Amino acid sequence: MEENKENIIKQIYKKHKVKRYLTLLLGLFICAVSFNLFIYPNDIVFGGVSGISIIVTKFFDISASTFILISSIILLVVSYIFLGKEKTKGSVVGSILLPIFISLTENIGKILVIDASDQLLLAIVGGVLYGLGAGLVFKAGYTTGGTDILNQIMEKYFHMPMGKSILIVDGFIVLLGGFTFGFTKLIYSLISLYFMSYYS
């Protein structure tokens, strides 16, 4: 009887684990598609490592996915040093898989051709989709890593509320994007960031 109970518990746990992984993968896929279809081609710098990659690839011959992967690995090492093993564990999978998904879907714009004339609509749809994808990742119990790690460090060592640290870090990246791509793009980035935050 006890053995049957244990087997049932194991099966439930296994199903729950599989569901979590599937939710994670779906979320990362949606984020990657949104990035390659709406955000990256239109220079919408919404914050985070992905946002920085849009600026960096304008000046250097490196793909966005490669930059995100290298940055994420560096930030994971920083996380391990300053936040410890347990905090870092939740960021590892998302940090590594997101740039892989971005790399795998980087040519999606050739398959799904989007009319780029309505930049406002692209900013809104891109923000909503990325937010939904990120929300699924969080629901599965993971994060996409990146600047989330910096926010956690600021919260732990400087006792800064998470909302304030996100505003500082992502705000700086969005402003940097504004200086790089112009005021109009800055407005679109802020709109995209708003919808992203709302739907995540």
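For the structure, check the block above.
Summarised in this report is the structure supplied together with it. If you're wondering where the values come from, they're calculated on a predicted model, not measured in any experiment.

**Some thoughts on the pattern of salt bridges**
- Under the defined criterion, the tally for this structure stands at 1 salt bridge.
- With a closest N to O distance of 3.6 Å, Glu86 and Lys89 form a salt bridge. Of the two residues, Glu86 and Lys89 both sit in helix H4 (residues 85-104), 3 residues apart, roughly one turn of that helix.

**Quick word on the packing of helix H3 (residues 64-82) against helix H7 (residues 147-158)**
- The geometry of H3 relative to H7 is characterised by a closest axis approach of 9 Å and an angle of 20 degrees between their N-to-C directions. As far as their axial angle goes, H7 and H3 are roughly parallel. The element H3 and its partner H7 pack so that their crossing is left-handed. Judged by residue contacts, Leu75, Leu76, Val78, Ser79 and Phe82 of H3 engage Thr147, Ile149, Leu150, Ile153, Lys156 and Tyr157 from H7.

**Some details on the packing of aromatic side chains**
- Enumeration according to the criterion identifies 5 aromatic pairs in this entry.
- Aromatic pair Phe46 and Tyr130: ring centres 5.0 Å apart, planes at 50 degrees, arrangement tilted. Placement of Phe46 in the loop between helix H1 (2-39) and helix H2 (48-59) and of Tyr130 in helix H6 (residues 119-139) is noted, with a sequence separation of 84 residues between them. Each member of the pair, Phe46 as well as Tyr130, carries the same accessibility label: buried.
- Judged by centre distance (5.3 Å) and plane angle (80 degrees), the rings of Tyr194 and Phe195 are edge-to-face.

**Details of the nonpolar core**
- Core analysis: the biggest nonpolar cluster contains 37 residues, and Phe35, Ile39 and Tyr130 have the highest contact counts within it.
- When contributions to this core are tallied by element, the ones reaching two or more residues are H1, H2, H3, H4, H6, H7, helix H8 (162-181) and helix H9 (183-199).
- Among the elements that take part in this core, H1 stands out by supplying 6 residues, more than any other.
- Residues Val33, Leu37, Phe38 and Leu122 belong to the second largest nonpolar core, which totals 5 residues.

**Here's the deal with a nonpolar patch on the surface**
- Nonpolar side chains collect at one region of the surface, where Leu69, Ile73, Val77, Ile81, Phe82, Tyr157 and Phe158 lie side by side and expose about 680 Å² of accessible area between them.
- Contributing elements (two or more residues each) for the nonpolar patch: H3 and H7.
- A per-element tally of the nonpolar patch places H3 first, with 5 residues.
- Following the sequence through the fold, Ile73 ends up in helix H3.

**With respect to the side chain of Asn42**
- The topology assignment puts Asn42 in the loop between H1 and H2.
- Of the polar contacts made by the side chain of Asn42, one reaches the backbone oxygen of Phe38; its length is 2.7 Å.
- Setting aside its immediate chain neighbours within four residues, Asn42 contacts Leu37, Ala116, Gln119, Leu122 and Lys185.

**A word on the layout of surface pockets**
- If you add up the space inside the largest pocket, you get close to 650 Å³.
- Looking at the largest pocket, it is lined by 27 residues, and the ones nearest its centre are Phe138, Thr147, Asp148, Ile166 and Asp170.
- Of all elements in the fold, only H2, H3, H6, H7, H8 and H9 reach the threshold of two or more residues within the lining of the largest pocket.
- Counting residues per element, the lining of the largest pocket draws most heavily on H8, at 5 residues.
- For the lining of the largest pocket, a count of residues per class yields 12 nonpolar, 13 polar and 2 charged.

**Remarks on the environment of Pro41**
- For Pro41, the position within the fold is in the loop between H1 and H2.
- As for Pro41 and Ile108, which are separated by 67 residues in sequence, their C-alpha atoms are 11 Å apart.
- Sequence-distant contacts of Pro41, that is, excluding residues within four places in its chain, are made with Phe35 and Asn36.

**Points about the side chain of Lys185**
- Note on placement: Lys185 falls in helix H9.
- Asp43 provides the closest opposite charge to the buried, salt-bridge-free Lys185, at an N-O distance of 4.8 Å.
- Setting aside residues up to four positions removed in sequence, Lys185 forms contacts with Asn42, Asp43 and Gln119.

What counts and what doesn't
Residues numbered from 1 in each chain as written. Predicted model: local features only at pLDDT ≥ 70, side-chain atom pairs only at ≥ 80, totals over all residues. Heavy atoms only, no water. Salt bridge = Lys/Arg side-chain N within 4 Å of Asp/Glu carboxyl O. Helix = DSSP H or I, 4+ residues; strand = E, 2+ residues; numbered from the N terminus. Axes fitted to C-alpha atoms, helices over the stretch in contact; angles between N-to-C directions. Parallel < 35°, antiparallel > 145°, perpendicular 65-115°, else oblique. Left-handed = near helix turned anticlockwise from the far one by under 90°. Contact = heavy atoms within 4.5 Å. Phe/Tyr/Trp six-rings, centres within 6.5 Å; stacked < 30°, edge-to-face > 60°. Buried < 20%, exposed > 50% of the residue type's maximum accessible area, 1.4 Å probe, protein only. Core = buried A, V, L, I, M, F, W, Y, C linked by side-chain atoms within 4.5 Å. Patch = residues over 30% accessible without salt bridge, like charges linked within 9 Å, V, L, I, M, F, W, Y side chains within 5 Å. Areas by Shrake-Rupley, 256 points an atom, 1.4 Å probe, with all protein chains shown as cover. Polar contact = N/O pair within 3.5 Å; in protein donor to acceptor, adjacent residues only side chain to side chain. 1 Å grid on protein atoms, 1.4 Å probe; cavity = no way out; pocket = protein on both sides within 12 Å on 5 of 7 lines; lining within 4 Å. Points joined across faces, edges and corners; volume = space filled by probe spheres on them. Nonpolar A, V, L, I, M, F, W, Y, C, P; charged D, E, K, R; others polar. Lys, Arg positive; Asp, Glu negative; His and termini not counted.

Just distances and angles here, no functional claims.
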